[in-house]
Amino acid sequence: MHVFLRVTVFTFVAALAGVSQAQAPAAPSDAEAKRDAADLAVVTRVCAPCHGLEPITTSLKSREEWEGTFNQMEASGATATPQEFQQAFDYVLRHHSSLNVNRAAATDLAAWLGDSDAVGQAIVDYRAANGAFKTLDDLKKVPGVSAQKLEARKGRVSF
Ligand code: HEC
């Protein structure tokens, strides 16, 4: 019994170590860069055939506006699987959407930042505790939020 337990614990720990080695995530920035490239490839495949990427890259829309555009494009003949549309939509929100950070819900903050829902929730919690954000620097004080990501979005934020 005693030996069995020790063996089990050892096996468990070894298994954990093995898993963490096998699935050691790339540095977040690497993983994000890869996801971004994959999503951009989908946007290019799904959206570019009719008009290139320019109408997208020169647009700045809210999430609701982008939803309307995606519906309109689908009605105009854009074809993709639901997953591809979702990937394209996520990419467009990360790169070409504007957001009011004092009104946005946690999930919208997360989508805009390209970060986890936990980060979105941290922003909402901070806002509830400290009042409205007035500047980008206020947002940078939220624990877990990337200053680099915020800087990259400074032209796409309203307060
Ligand atoms: C089957 C052809 C087709 C595909 C595929 C297509 N579009 Fe369009 N798109 C159009 C046409 C036609 C227009 C111009 C007419 C208009 O403004 O509705 C347009 C215009 C636009 C505009 C500028 C007008 C606006 O509403 O802001 C944007 C942005 C846009 N498309 C985004 C997209 C995105 C994102 C995708 C991929 C999910 C996409 N399009 C795929 C045909 C297409």
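Predicted model, so just to flag it, every value in this text is computed and none were measured.

Q: Got a sec to walk through the overall build of the chain? Specific residues and values, please.
A: Across its full length, the chain holds 9 helices and 2 strands. In sequence order, the chain lays out its α and β elements as α-α-α-α-α-β-α-α-α-α-β. Out of the 159 residues in the chain, the part that is buried amounts to 19%. Of all intrachain contacts in the chain linking residues separated by at least 6 positions in sequence, the fraction that spans at least 24 positions is 55%.

Q: Lay out the site of the ligand in plain terms, naming residues and giving numbers.
A: The local shell around the ligand holds 17 residues, among which C47, C50, P55, G77 and A78 are the closest. Breaking the shell around the ligand down by element, the ones donating at least two residues are α2 (28–51), α3 (54–57), α4 (63–76) and α5 (82–96). When grouped by side-chain class, the residues that make up the shell around the ligand number 11 nonpolar, 6 polar and no charged.

Q: Give me the lowdown on the packing of α4 against α5, citing residues and values where you can.
A: At a minimum axis separation of 11 Å, α4 and α5 run at an interaxial angle of 145 degrees. Relative to α5, α4 is oriented so that their crossing is right-handed. Residue-level inspection shows R63, W66 and F70 of α4 in contact with α5, the latter providing F85, F89, V92 and L93. In the contact of α4 with α5, the residues fall into 6 nonpolar, no polar and 1 charged.

Q: Describe the environment of N102, with residues and values.
A: Tracing the backbone shows N102 in the loop between β1 (99–100) and α6 (106–113). Classification of N102 as partly exposed rests on a count of 13 C-beta atoms within 10 Å. In contact with N102, other than residues within four places in its own chain, are R127, A132, F133 and F159.

Rules of the game
- Residues numbered from 1 in each chain as written.
- Predicted model: local features only at pLDDT ≥ 70, side-chain atom pairs only at ≥ 80, totals over all residues.
- Helix = DSSP H or I, 4+ residues; strand = E, 2+ residues; numbered from the N terminus.
- Buried ≥ 20, exposed ≤ 12 C-beta atoms within 10 Å, placed from the backbone.
- Contact = placed C-beta atoms within 7 Å.
- Near = placed C-beta within 6 Å.
- Nonpolar A, V, L, I, M, F, W, Y, C, P; charged D, E, K, R; others polar.
- Axes fitted to C-alpha atoms, helices over the stretch in contact; angles between N-to-C directions.
- Left-handed = near helix turned anticlockwise from the far one by under 90°.

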